[in-house]
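# Coordinate analysis (summary)
Spelled out, the chains give:
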Amino acid sequence: MSRRTSYRRPRPSSAHFRRGFNASNPLERILILLVIAAIVGVTAGLLLPQVSPTAGKITGNYTATGSAADTLNRLTVDDNQNASGYDRDSFGFRETDADGNGCDAREDVLARDLTDVHYKYAGSCEVTSGTLQDPYTGQTIQFVRGRTTSAKVQIDHVVALENAWQSGARDWSTAERHQFGNDLYNLLAVDGPANQEKGSASAAYWLPTNTAYRCDYVARQIGVKDKYKLTVTSQEKDAMLAVLHTCPGQAIPADE
């Protein structure tokens, strides 16, 4: 029986690759090095500000203009916050009627933020249906009141109650907490799942997926914190400035 001779294809030598990139000319080597340096520089410029706040400040990613940025820079920074003792019920959400119209805060916000609003009956506070252009997701949501449907639209405290507690509200009176908990300036009708995802997070840990709304969202948080003399953490402030950097001249929303 004849023995089969195996054949191996010779591997390309390093010389073969060097011929593919003929950089024997000093000018060519310099050009290659310049291209590599440019790629590294661009990559670092894009990534470092996201990874390192210090790099972000050096590159100007935390510079911002407008009344929102000016107000933020006046807020007290406190990095020793804690939520011990927090109780959501201490803010009395839906327990007061500051405008005296007979409707609680949830009904007032639904009536304000929905379009094509329908009520249980003429003169009723109870909103039974409407359409929400959700600021957090950018989606259109059809609201229908019901045991299994109402949660599709929830009322969010833009500055979360727990965030307010640890940034100053723990020292307030009951009346002050109730005022904050029902202040329409700090309340928005939003997509239910987005509200659940946010929880009590500050801007350092959560922002709306609808990027077109982020500047308005952060500006409203700043407006609320300024109104109630609440503090921010360093991380929270940096996150807010990074957002405001993308929208020069961003104003604080009016408190109507």
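A brief structural summary.

About the thresholds
Residues numbered from 1 in each chain as written. Predicted model: local features only at pLDDT ≥ 70, side-chain atom pairs only at ≥ 80, totals over all residues. Heavy atoms only, no water. Axes fitted to C-alpha atoms, helices over the stretch in contact; angles between N-to-C directions. Helix = DSSP H or I, 4+ residues; strand = E, 2+ residues; numbered from the N terminus. Parallel < 35°, antiparallel > 145°, perpendicular 65-115°, else oblique. Left-handed = near helix turned anticlockwise from the far one by under 90°. Contact = heavy atoms within 4.5 Å. Nonpolar A, V, L, I, M, F, W, Y, C, P; charged D, E, K, R; others polar. 1 Å grid on protein atoms, 1.4 Å probe; cavity = no way out; pocket = protein on both sides within 12 Å on 5 of 7 lines; lining within 4 Å. Points joined across faces, edges and corners; volume = space filled by probe spheres on them. Disulfide = S-S within 2.5 Å. Buried < 20%, exposed > 50% of the residue type's maximum accessible area, 1.4 Å probe, protein only.

In this section: the packing of helix 4 (residues 67-74) against helix 10 (residues 234-244). Between helix 4 and helix 10, the shortest axis-to-axis distance is 10 Å and the interhelical angle comes to 165°. Put simply, helix 4 runs roughly antiparallel to helix 10. As for the relative orientation of helix 4 and helix 10, their crossing is left-handed in sense. Side by side, helix 4 and helix 10 meet where Ala68, Ala69, Leu72 and Asn73 of the first sit next to Lys237, Met240, Leu241 and Leu244 of the second. Of the residues assigned to the contact of helix 4 with helix 10, the class counts are 6 nonpolar, 1 polar and 1 charged.

What follows is about the layout of surface pockets. Gaps between atoms show up when a probe of the same size as a water molecule is rolled over them. As a volume, the second largest pocket reaches approximately 240 Å³. Forming the boundary of the second largest pocket are 14 residues, of which Arg88, Asp156, His157, Asn195 and Gly199 lie nearest the centre. With 4 residues, strand 4 (residues 153-157) is the single largest residue contributor to the lining of the second largest pocket. Its residues assigned to classes, the lining of the second largest pocket comprises 5 nonpolar, 6 polar and 3 charged.

This part is about the environment of Val144. Assignment of secondary structure puts Val144 in strand 3 (residues 140-144). Spatially, the C-alpha atom of Val144 lies 5.9 Å from that of Thr128, the residues being 16 residues apart in sequence. Not counting residues within four places of it along the chain, the set of residues in contact with Val144 comprises Thr128, Ser129, Thr149 and Ser150.

For the rest of this paragraph, the subject is the state of the cysteines. Summed over the entire model, instances satisfying the criterion amount to 2 disulfides. With a sulfur-sulfur separation of 1.9 Å, Cys103 is cross-linked through a disulfide to Cys125. Between Cys103 and Cys125, the disulfide has an S-S torsion of -75° and is therefore left-handed. Residue Cys103 is located in the loop between helix 4 and helix 5 (105-113), and its partner Cys125 is located in the loop between strand 1 (115-119) and strand 2 (127-133); the two are separated by 22 residues in the primary sequence. Between the sulfur of Cys215 and that of Cys247 lies a disulfide, 2.1 Å long from S to S. Here the disulfide of Cys215 and Cys247 is left-handed, its torsion about the S-S bond being about -105°. Of the two residues, Cys215 sits in helix 9 (residues 214-227) while Cys247 sits in the segment after helix 10, which places them 32 residues apart along the sequence. Residues Cys215 and Cys247 agree in their burial class; the two are buried.

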